[in-house]
Structures are given as C-alpha cells and as structure tokens.
Amino acid sequence: MRAEHPYLAAMRRVDPVTRLGTVTRVMPTFIEADGPGVPLGSLCTLGNPGPQQGLAEVVKVEVGRVTLVPYTAASSLCVGDTVRATRVGATMPMGAGYLGRVIDPLGRPVDSGPPVIAGETSWPLAGVGTPPLARLSPSLPLQTGVRVLDSLLTLGIGQRVGIFAGSGVGKTTLLSSLASHVEADVCVLCLVGERGREADEFWHRSLSESARARSTMVVATSDQPAVMRARSVLVALSLAEYFRSRGAHVLLLLDSVTRYALALREIGLAAGEPPTVRAYTPSVFAALPKVVERCGALKGSGAITALMTVLTETDDVDDPMAETMRALLDGHIVLTRELAEQGHFPAIHVARSVSRVMPQVTRSEDRQLAADVVAQLALYESSRTLIESGLYAAGSNPGLDRALRLRAGLTGFLRQDTSKAISRETALAELAVLLKEERT
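Residues numbered from 1 in each chain as written. Predicted model: local features only at pLDDT ≥ 70, side-chain atom pairs only at ≥ 80, totals over all residues. Heavy atoms only, no water.

1. Here's the deal with the pattern of salt bridges
Two side chains that carry opposite charge are able to pair once their charged atoms sit near each other. According to the stated counting rule, one finds 25 salt bridges in the structure shown. As a salt-bridge pair, Arg195 and Glu198 come within 2.2 Å of each other at their nearest N and O atoms. Look at Glu198 and you get buried, because its relative accessible area is 18%. Here Glu198 and Arg197 are joined by a salt bridge, their closest N and O atoms 3.9 Å apart. (Salt bridge = Lys/Arg side-chain N within 4 Å of Asp/Glu carboxyl O. Buried < 20%, exposed > 50% of the residue type's maximum accessible area, 1.4 Å probe, protein only.)

Structure representation (structure tokens):
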C-alpha cells in the first residue's frame with residue numbers, strides 16, 4: 001500500500017472549523033467557559049491575541065460548560081473573554097528532530113537551540129491501545145553498568161522498574177548513571193517538578209555528548225503549573241512510543257512518578273473530583289496503571305525499558321503512592337537513607353529490592369550466586385542488633401560466621417563510582433571470586 005504524502009497527512013490534521021467559547025468564571029487554579037466543544041486534553045487560547053494571551057488545557061467537559069487549567073498566569077483574564085481552540089484533541093507532532101534536544105511539555109525547545117522540526121506524524125498523548133497478547137516478556141538482560149544491579153538484581157530489556165527512596169539519597173544520580181551507560185537506541189528523559197538547576201546539570205554534566213545525541217529531555221520545573229507538570233509525562237511516553245513503533249529500544253527515565261501524581265491531584269481537585277486517601281483524587285489511581293502499561297516490549301516492534309523514581313515519605317516505603325506503584329511495576333529498587341549517610345553509593349538495599357524478570361533473563365548459576373549473596377546480606381541484617389551489642393559469640397552460628405567473614409568484601413562490591421561503568425560479566429566474575437576465596 002502506497003504511503004500518504006506528508007503534506008496530505010498534515011492537511012488532514014488541520015481543523016478548518018473555528019471553535020470558540022466565552023469565559024464565565026475565573027478562579028486562581030482553573031477557568032470555566034461555555035465552550036468550545038472540544039475533547040479532553042485540547043489546547044485553547046484565552047483572551048484577545050497579544051502578549052497577554054494565555055494558553056490552557058481542557059480538563060473537564062460538561063453540557064454547556066468546559067473547565068480549563070491555564071499553562072500560564074491568568075491574572076489579566078476577565079469574564080466574557082474569548083476562548084479559542086487551537087488544537088482539537090490531545091496530540092503532538094512526532095519525529096527524529098527531537099533527538100538531542102531539551103523541550104517543554106508543549107514541544108517547545110528550552111535549550112536555546114532552533115525550533116524543533118518534527119512533523120513526520122502525529123501521536124495521541126493518551127497513547128495507542130495495545131492488546132495484552134501483543135506484549136512480550138523480557139528475555140534479554142539489560143546492561144546497566146551498575147554491578148549491584150547487573151549481578152544481584154538483573155533487569156531485562158522492556159522491564160518497568162521503580163526506584164523507591166526518600167529525598168536526597170541518590171535517585172537522580174543513579175538515573176544519570178543509567179542514562180549514560182545503558183545501551184539503548186533512544187533515551188527519553190522526563191523531569192517532573194524538578195529544580196531548573198538540576199535539569200541543566202543532568203543534561204550538560206551527567207550526560208556525555210554521545211548520550212545527548214540519542215536523547216530527548218522533557219522538563220517541567222517545580223514553578224510551572226500542575227497541568228504542565230502532568231503533561232510532561234504524557235509527552236515523554238508519547239515520544240517513547242513513537243520511537244518504539246519504529247523498532248527502537250527506548251530507555252525511558254521518569255523522575256518522579258510521585259510529583260506526577262501530585263500534579264494530577266491538583267488538577268483533579270480543581271476539576272471538582274472528591275479527595276480520597278491522602279487527598280489523592282480517583283483520577284490519580286486511574287492514570288498510574290496507564291503510565292506503566294504504555295511501556296514494555298511489543299511483538300514486531302521495539303521495546304520501552306522504563307525506570308521510574310518514586311519519592312517516598314519515609315524509608316519504610318509504606319505510603320499509598322509507593323504501595324500502588326510496587327503493585328504495578330515489574331520490580332523495585334529501594335534506596336535507603338541509612339546507606340547514603342554511611343557514604344555507601346549507590347545506596348541500594350539489596351535485600352529489600354527485587355527484579356521480577358530476573359529468572360527469565362539470567363542463567364541458573366548466576367541466580368544461585370545472587371541468591372547466596374542476598375541470603376548473607378539478609379542474615380547479617382536480621383542479626384545486626386545482636387552483633388553490634390557484642391552479644392554474639394563467634395562459632396555459635398556457622399551461617400552467621402560466614403556472613404560476617406563476607407561482610408567487608410560484599411560491602412566493597414556493592415559500592416561503586418557510578419560515573420564508571422562495569423560490565424555484567426566482570427561483575428559476576430568479581431562476585432564469584434569473592435565467594436570462592438571465602439570458601440577456601
């Protein structure tokens with residue numbers, strides 16, 4: 001079948017109908033109008049053309065009433081001002097022109113470069129539906145360059161993994177290491193609610209020039225409206241889906257799911273949704289599974305390997321957002337403040353972390369090696385109080401004696417300068433030697 005000419009495809013995406021409405025109510029966080037008649041996610045301009053004209057997104061549609069959340073301050077907006085639809089439906093033009101660029105949730109460059117030229121196709125921000133049986137389970141290991149992950153918590157290509165931790169324990173540092181060292185065709189980075197300084201540092205200092213060339217970063221800083229922060233995740237997912245549809249292995253790094261949920265909560269409350277647990281609205285818990293399920297590998301296509309950070313309230317990983325994400329993801333990596341305060345980086349608590357696809361992507365001997373190490377670490381942790389209080393006598397428990405002998409070597413193995421990548425084969429060989437030396 002002959003492909004349609006790009007110009008004809010672009011003309012089909014143009015809406016020749018002018019869709020208008022009038023502002024009927026102005027609130028600090030949302031605006032109500034009697035139109036235009038457009039679906040959820042559509043973009044509209046507010047007020048008369050000029051520098052004061054604002055942009056807003058439709059978040060609720062009723063008979064004779066539309067609720068919009070502005071992308072910019074609406075301080076100059078008045079009742080009776082015109083609302084004009086600029087793009088019907090939540091879609092975004094896609095193309096290879098986004099590679100090597102930093103953009104905002106509207107697709108505009110924020111890296112002082114020229115405008116992004118990306119008109120190959122249009123992609124719905126809500127994603128494209130995929131039948132369950134069209135998905136593929138991970139079958140190949142993912143080389144991360146972080147030996148604790150590659151040897152003890154082996155990840156797979158197409159896996160969806162959460163990185164759970166409180167603030168300031170090294171989540172972003174671990175993500176930057178993965179973005180630099182994971183071998184993927186395309187890397188899509190999404191920073192939700194981050195400080196502008198951290199976004200600049202992540203892009204220019206954490207990523208090499210070659211890594212930036214194959215990457216796209218979507219940034220919505222903490223001072224931007226909630227609708228911009230929420231849209232950034234949808235844009236990043238759409239970019240990842242587009243490149244996956246072209247057969248690429250896409251590494252999607254999302255920091256963080258918690259800030260995305262907070263933005264959705266703010267939008268939901270503005271739209272009149274009832275608050276539930278921890279004031280999260282029902283739409284938050286409906287949106288999170290969609291984010292996770294849009295990732296993964298597809299038959300006859302590429303794969304999206306997703307690593308998502310989850311900001312927890314405590315190191316116990318017991319808040320509702322963390323529990324929800326743990327149930328949805330294919331594995332979780334837990335970072336603890338206790339290890340971070342000891343200068344142990346990456347601060348990964350191996351015994352509390354798990355990769356659910358590890359049995360599918362590793363050999364039996366590698367799994368036995370990892371199980372032995374995890375058992376020794378868990379035994380030490382369960383006996384820590386007894387050991388540190390001086391109540392344990394050597395020889396009382398041969399298994400614990402072995403864990404104590406291995407303790408220093410394993411601690412050194414688990415620590416790593418994340419700026420330097422270590423291959424999975426090297427990590428497994430080092431671990432095998434460490435255990436063999438202890439037996440002899």
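Here the narrative resumes, following the displayed structure.
2. Observations concerning the environment of Val250
Position of Val250 among the secondary structure elements: in strand 14 (residues 249-255). For Val250 and Arg214, which are 36 residues apart along the polypeptide, the C-alpha to C-alpha distance reads 9.9 Å. Residues within four places of Val250 in sequence aside, it is in contact with Val186, Val188, Ala240, Phe243, Arg244, Ala303, Ile304 and Thr305. (Helix = DSSP H or I, 4+ residues; strand = E, 2+ residues; numbered from the N terminus. Contact = heavy atoms within 4.5 Å.)

3. What about the pairing of strand 14?
Among the 7 residues in strand 14, 7 count as buried, and that is most of the element. Residues His249, Leu251, Leu253 and Asp255 point to one face of strand 14 and Val250, Leu252 and Leu254 to the other, with burial holding for every one of them. In this sheet, strand 14 lies alongside strand 12 (residues 186-194) in parallel orientation, the contact comprising 6 bridges. The partner of Leu191 across the bridge, within strand 14, is Asp255. (Pairing = 2+ DSSP bridges.)

4. Quick word on helix 9 (residues 320-328)
Among all positions of helix 9, only Pro320, Met321, Ala322, Thr324 and Met325 are buried. The inward-facing, buried residues of helix 9 contact strand 11 (160-165), helix 7 (257-270), helix 8 (282-293) and strand 16 (303-311).

5. Here we look at the packing of helix 8 against helix 9
Put simply, helix 8 and helix 9 touch, their axes get as near as 10 Å, and they point 35° apart. Viewed along their axes, helix 8 and helix 9 form a crossing whose handedness is right-handed. Across the interface between the two elements, Val284, Phe285, Leu288, Pro289 and Val292 of helix 8 pack against Met321, Thr324, Met325 and Leu328 of helix 9. For the contact of helix 8 with helix 9, a count of residues per class yields 8 nonpolar, 1 polar and no charged. (Axes fitted to C-alpha atoms, helices over the stretch in contact; angles between N-to-C directions. Left-handed = near helix turned anticlockwise from the far one by under 90°. Nonpolar A, V, L, I, M, F, W, Y, C, P; charged D, E, K, R; others polar.)

6. Here we look at the packing of aromatic side chains
Within a pair of aromatic rings, the relevant descriptors are the distance that separates the centres and the angle that separates the planes. Here the structure, examined in full by the defined rule, presents 3 aromatic pairs. Taking the centre distance of 6.3 Å and the plane angle of 80° together, the rings of Trp123 and Tyr242 count as edge-to-face. You can see Trp123 sitting in strand 9 (residues 121-124) and its partner Tyr242 sitting in helix 6 (residues 226-245), a full 119 residues away along the chain. The residues Trp123 and Tyr242 share a single accessibility class, namely buried. Between the aromatic rings of Tyr280 and Phe285, the centroid separation amounts to 6.0 Å while the plane-to-plane angle is 80°, which identifies the pairing as edge-to-face. Classification of Phe285 by relative accessible area gives partly exposed; the value is 26%. Aromatic rings pair up to connect Trp123, Tyr242 and Phe243 into one cluster. (Phe/Tyr/Trp six-rings, centres within 6.5 Å; stacked < 30°, edge-to-face > 60°.)

7. Digging into the domain arrangement of the chain
Looking at the chain, the domain boundaries give domain 1 (14-89), domain 2 (92-360) and domain 3 (364-437). Each of domain 1 and domain 2 was reduced to a C-alpha centroid, and the two centroids are 30 Å apart. With 13 residues of domain 1 in contact, the opposing surface of domain 2 contributes 9 residues. Of the roughly 970 Å² buried between domain 1 and domain 2 on both sides combined, carbon and sulfur atoms contribute 67%. A per-residue breakdown of the area domain 1 buries against domain 2 is headed by Val69, Tyr71 and Arg87, which together make up 47% of the total. Where domain 1 touches domain 2, the interface holds 1 salt bridge. Glu57 is the salt-bridge partner of Arg231, the closest N and O atoms lying 3.6 Å from each other. (Domains from an automatic or database assignment. Buried area = accessible area lost by both parts, 1.4 Å probe.)

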